[in-house]
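# Survey of secondary and tertiary structure
So the chains spell out like this:
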Amino acid sequence: MAKVDSNFNLCISCGTKNPAANKFCSRCGSPMQKMAVHQEDGVKCASCGYLNPRDEKFCIQCSSTITQEIIVTDEDDVAVVKVKMKKIDFENYKNLVAILNRITKGKIVLDLADVEYIDSTGIGTLVTQAYKSTRTSQETKIINLHPRVMEAIRALQVDNVLDICKTMTEARVSWGLPLM
């Protein structure tokens, strides 16, 4: 479950950040309502990292457009990033980078089951994430690769740099974590 910041609440009417003790919004005067968003019920904003309810089109905190193409969930001590795009390329890699840069967990599983195409920019994103682990003590495992995506990774000879597992079970076992 995600930890909801109990120091503030966002006004449902205008989106203003208010101290948790406020009963009314300091900007518009609307009654405050507590917003409990659970990790599995929400989508992280690629711009600010705020966890929004799944049906929101714009981030409650920063008003950026929310992409439903990358979903982050927590499973014990592992952040699972499910990429629901058909391709990772020059046009959309920045959304993935923004999400990955906001994850603070030590273990990350990048599920690419829906990705059928990846270009050199997308592969560069994966390699950068792998090298980032030396600075952040994070470990990233990539699972469920489409054969064409694996072929592209091998063609650029980075399959030895990336930590690739076939399934979530294989990734968890490699970390010595219990099976779910």
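For the structure, check the block above.
A brief structural summary. All values derive from a computational prediction rather than experimental measurement.

Within the largest apolar cluster, 25 residues are counted, with the highest numbers of intra-cluster contacts made by Val 81, Val 83, Ile 88 and Leu 110. Those elements that provide at least two residues to this core are β5 (70–75), β6 (78–83), α1 (93–102), β8 (107–111), α2 (120–136) and α3 (147–155). Among the elements that take part in this core, α1 stands out by supplying four residues, more than any other. Those residues within four positions of Val 83 in sequence are excluded, and the remaining contacts are Glu 69, Ile 88, Leu 96, Leu 110, Asp 111, Leu 112, Asp 114 and Val 115.

Time to look at the pattern of salt bridges. Using the criterion set out here, one finds six salt bridges in the structure. In this structure, Asp 89 engages Lys 87 in a salt bridge whose closest nitrogen and oxygen atoms are separated by 3.4 Å. In this structure, the salt-bridge partner of Asp 163 is Lys 141, at a minimum N-O distance of 2.6 Å. One end of the pair, Asp 163, is in the loop between α3 and α4 (168–175); the other, Lys 141, is in strand β10 (residues 139–143), and 22 residues separate them in sequence. Residue class for Lys 141 comes out buried when judged on its relative accessible area of 4%. Here the salt bridges share partners, and the residues they tie into one network are Lys 82, Asp 111 and Asp 114.

Moving on: the side chain of Asp 119. One can find Asp 119 in the loop between β9 (117–118) and α2. Buried and without a salt bridge, Asp 119 has Lys 87 as its closest oppositely charged side chain, separated by 8.3 Å. Of note is the side chain of Asp 119, whose polar atom sits 3.0 Å from the backbone nitrogen of Thr 121. Polar contacts involving the side chain of Asp 119 include one to the main-chain amide nitrogen of Gly 122, which spans 2.9 Å. If near-sequence neighbours (up to four positions away) are discounted, Asp 119 is found in contact with Ile 88, Asp 89 and Phe 90.

A separate point is the sheet that holds β6. Judged by pairing direction, the sheet is mixed, and its four strands sit side by side in the order β5-β6-β8-β10 without closing on themselves. A single partner strand is all that each edge strand has here, and the edge strands are β5 and β10. Within the sheet, the average angular offset between the axes of one strand and its neighbour, ignoring direction, is 20°. As paired strands, β8 and β10 are joined by five bridges and run parallel to one another. Bridge pairing in β10 places Lys 107 opposite Glu 139. Packing against the sheet, α1 makes contact with β5, β6 and β8, and its axis sits at approximately 25° to β5. With respect to the sheet, α4 is in contact with β5, β6, β8 and β10, its orientation differing from that of β10 by roughly 155°.

Definitions and limits used
Residues numbered from 1 in each chain as written. Predicted model: local features only at pLDDT ≥ 70, side-chain atom pairs only at ≥ 80, totals over all residues. Heavy atoms only, no water. Core = buried A, V, L, I, M, F, W, Y, C linked by side-chain atoms within 4.5 Å. Buried < 20%, exposed > 50% of the residue type's maximum accessible area, 1.4 Å probe, protein only. Helix = DSSP H or I, 4+ residues; strand = E, 2+ residues; numbered from the N terminus. Contact = heavy atoms within 4.5 Å. Salt bridge = Lys/Arg side-chain N within 4 Å of Asp/Glu carboxyl O. Lys, Arg positive; Asp, Glu negative; His and termini not counted. Polar contact = N/O pair within 3.5 Å; in protein donor to acceptor, adjacent residues only side chain to side chain. Pairing = 2+ DSSP bridges. Axes fitted to C-alpha atoms, helices over the stretch in contact; angles between N-to-C directions.

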